[in-house]
Amino acid sequence: MNKTLILFIILAIIVVAYMLFKSRKKGAEVVEEHHDVEGGCCGKHAVCEKNTDAEALYFDDEELDAYKGRNPEEYTDEEIEEFRNVLYTMKSDEVDLWVQCLQQRGIELPYDIKEEVLLMLQ
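Residues numbered from 1 in each chain as written. Predicted model: local features only at pLDDT ≥ 70, side-chain atom pairs only at ≥ 80, totals over all residues. Heavy atoms only, no water.

**Concerning the overall build of the protein chain**
A tally of regular secondary structure across the protein chain gives 4 helices and 2 strands. What you see in the protein chain, going N to C, is helices and strands ordered as α-β-β-α-α-α. Residues classed as buried in the protein chain amount to 30% of the 122 residues present. For the protein chain, long-range pairs separated by at least 24 residues make up 71% of all intrachain contacts whose partners lie at least 6 apart in sequence. A total accessible area of about 8400 Å² is found for the protein chain, and carbon and sulfur atoms account for 54% of it. (Helix = DSSP H or I, 4+ residues; strand = E, 2+ residues; numbered from the N terminus. Buried < 20%, exposed > 50% of the residue type's maximum accessible area, 1.4 Å probe, protein only. Contact = heavy atoms within 4.5 Å. Areas by Shrake-Rupley, 256 points an atom, 1.4 Å probe, with all protein chains shown as cover.)

**Section: the side chain of Glu79**
Along the chain, the position of Glu79 falls in helix 2 (residues 77-87). Sequence-distant contacts of Glu79, that is, excluding residues within four places in its chain, are made with Tyr67, Arg70 and Glu74.

**Brief notes about helix 2**
When helix 2 is considered as a whole, its buried residues turn out to be Glu79, Ile80, Phe83, Arg84, Val86 and Leu87. Along the axis of helix 2, the buried positions cluster into a sector of 165°, meaning they face one direction only. Facing away from the buried surface of helix 2 by more than 90 degrees, the exposed residues are Asp77 and Glu78. (Arc of directions from axis to C-beta.)

**Considerations on the pattern of salt bridges**
Scanning the model with the defined rule gives 6 salt bridges in all. Among the salt bridges present, the one from Glu81 reaches Arg84, with a minimum N-O distance of 2.5 Å. Of the two residues, Glu81 and Arg84 both sit in helix 2, 3 residues apart, roughly one turn of that helix. Given the relative accessible area of 31%, Glu81 is considered partly exposed. For Arg84, a relative accessible area of 13% gives the class buried. (Salt bridge = Lys/Arg side-chain N within 4 Å of Asp/Glu carboxyl O.)

So far we have only geometry, and geometry alone does not tell us how the molecule works.
The structure is reproduced here in structure tokens:
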């Protein structure tokens with residue numbers, strides 16, 4: 001294999017390991033969780049089943065709102081890293097909720113991140 005490719009793989013492994021260590025130490029912050037009793041939410045679910053509004057659950061990732069309506073094929077490497085940074089700073093049990101929140105907000109994940117999310121959810 002090419003030395004550059006090997007170095008890139010090693011660097012990627014180090015970055016992922018660091019981010020996993022960091023995420024276990026800090027965890028992600030959920031900024032707001034709305035469970036509106038008047039709106040009919042019983043509060044027994046992680047995401048209100050009756051309220052599919054994007055405000056039902058919001059993560060501290062407002063910088064990703066800039067990618068609303070973008071085609072995943074158009075993301076640059078730096079933009080993909082923004083998604084990856086958010087992904088690896090949250091708790092593993094929040095990943096599926098985060099993906100739902102992004103979908104509700106009209107933000108598509110980059111293809112590389114989709115693969116990583118699928119691996120995390122297995």
